[in-house]
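A structural walkthrough
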Amino acid sequence: MVGAARRFGAMYSLRYESRLRHAFTLVELLVVIAIIGILVALLLPAIQSAREAARRTQCTNHCRQIGIALQNYHGVNGSLPPGYGPLPPNGFGTGVTNGTPYAEWSWAARLFGYVEEAAISGAIDWNWNPGFLASAPPTIKEVVSAKISSFYCPSDDSVKTNFNEGGTCYSGQYVKEGNGRISYAGNFGQGQMEAPRKPKGTAVDGVFGYNHGDSFKKITDGTSHTLLTAEQLPGGVCSIRGVFAYDEGPLFMQDFPPNSTTPDLVRWCDSSDKLPGAAAPCIDTVSKLNMVRHTSRSRHPGGVMAGFCDGSVRFITSEIAVATWQAYGTPRGEEVVE
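For every chain, the first residue of the written sequence is number 1, and numbering continues from 1 along that sequence. Local features in this predicted model are restricted to residues of pLDDT 70 or higher, and side-chain atom pairs are both shown and tallied only at a pLDDT of 80 or more, whereas totals for entire chains, interfaces and linings draw on every residue. Remark: hydrogens and water are excluded; side-chain values derive from all non-hydrogen atoms of the structure.

Focus on the pattern of salt bridges
The term salt bridge refers to a pairing of a side-chain nitrogen on Lys or Arg with a carboxyl oxygen on Asp or Glu at a separation within 4 Å. This structure, assessed with the given rule, holds nine salt bridges. For the salt bridge of Asp156 with Arg299, the shortest nitrogen-to-oxygen distance reads 3.9 Å. Residue Asp156 is found in the loop between helix 4 (138-144) and strand 3 (184-187), and its partner Arg299 is found in the loop between strand 9 (282-283) and strand 10 (303-308); the two are separated by 143 residues along the sequence. Put simply, Lys160 and Asp157 hold a salt bridge, and the shortest N to O gap is 3.3 Å. Note on classification: 1.4 Å probe, protein chains only; a residue is buried when its accessible area is under 20% of the maximum for its type, exposed when over 50%, partly exposed between these limits. According to the relative accessible area criterion, Asp157 is exposed, its value standing at 53%. Counted as one network, the salt bridges with shared partners bring together Arg241, Asp264, Asp273 and Arg297. A helix here means a DSSP run of H or I that spans at least four residues, while a strand means a run of E at least two residues long, and both kinds are numbered starting from the N terminus.

Structural data, given as structure tokens:
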């Protein structure tokens, strides 16, 4: 019996010691946690890079689809849609300035019928000025406040919030749902929106303008060398940039290179966009209608996605020479661009 007890005790002791040897000490547990943390730190940039690559691809596709839609519009109408302003004869709006009727629908609004947004396009009353919302019919208010995801760059969340959403910015002509914004802007050349366009030394025309959309046949610099669209960061809820229905929204100029830190000139600028280091800087010192100036910006590291008049889409780096960027913006500048 004594021998059996000793053998049992020895076996129990071995099992107990075996269990002790396989247990983690606190130090070992901390080492494992540290290793896992290092692995996560190493993998996280790769995961983020892969996600950004996917978002950039999606943004490229959106930019390309807009370019194709503009090509189709040109094929039907013989020119690009007007950047903004009076519609062609018999299509003028109900707004009146100095006795002249006008409608401020932008080029982007005229594009909806060509990008599978026929429901929105069909609801637009082209005779109603979208700047007059207080007495606008419900259909106009629904159009103006629409959120159109196919016009969003997935790398920018600010575009998903409408301008003046909830009426937090001002209480004049507005709808509580706000004004829908988009990530892609039309090429309006250089200078403020309605600065003098000629002679040389003042603002330079792009392919869009007041009651004007260019004809590809008249782009003597070549469609592959002429900007059509580029990305734009709308910014905070009280910044009007990117508003698709309004003339001062979906446009960019080439006075400064992509992602420039020089503030945009606007009439409404969110307080967050006035802070140092803002991704979409602006100042609201513009008091005169349509004298805004916007720069192309993006959340993609190192540059912006841009569409050209030949339908191609290219990533333009923020380091591009200003002269080259400006040459891309002119349809008839006669510059030599490599």
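There's more to say after this.
Remarks on the confidence of the model for the protein chain
Scored from 0 to 100, pLDDT reflects the predictor's confidence in each residue. Of all residues in the protein chain, 83% have pLDDT values of 70 or greater, and the mean over the chain is 84. The low-confidence segment residues 8-12, where pLDDT is below 50, has zero contacts with residues more than four positions distant or belonging to other chains. In this analysis, two residues are considered to be in contact whenever any of their non-hydrogen atoms come within 4.5 Å of each other. Contacts of residues 88-95 to residues separated by more than four positions or lying in other chains number 20 contacts, the stretch itself having pLDDT below 50.

A word on the state of the cysteines
The disulfide criterion used throughout: a pair of cysteine sulfur atoms within 2.5 Å. This structure, assessed with the given rule, holds two disulfides. Across a sulfur-sulfur distance of 2.0 Å, Cys169 and Cys238 are joined as a disulfide pair. Disulfide Cys169-Cys238: torsion about the S-S bond near -95°, hence left-handed. Taken together, the residues Cys169 in the loop between helix 4 and strand 3 and Cys238 in the loop between strand 6 (227-231) and strand 7 (251-252) connect sequence positions 69 residues apart. Of the residues examined, Cys169 reaches a relative accessible area of 25% and is grouped as partly exposed. Assessed through its relative accessible area of 16%, Cys238 is described here as buried. Covalent S-S linkage joins Cys269 and Cys282, the inter-sulfur distance amounting to 2.0 Å.

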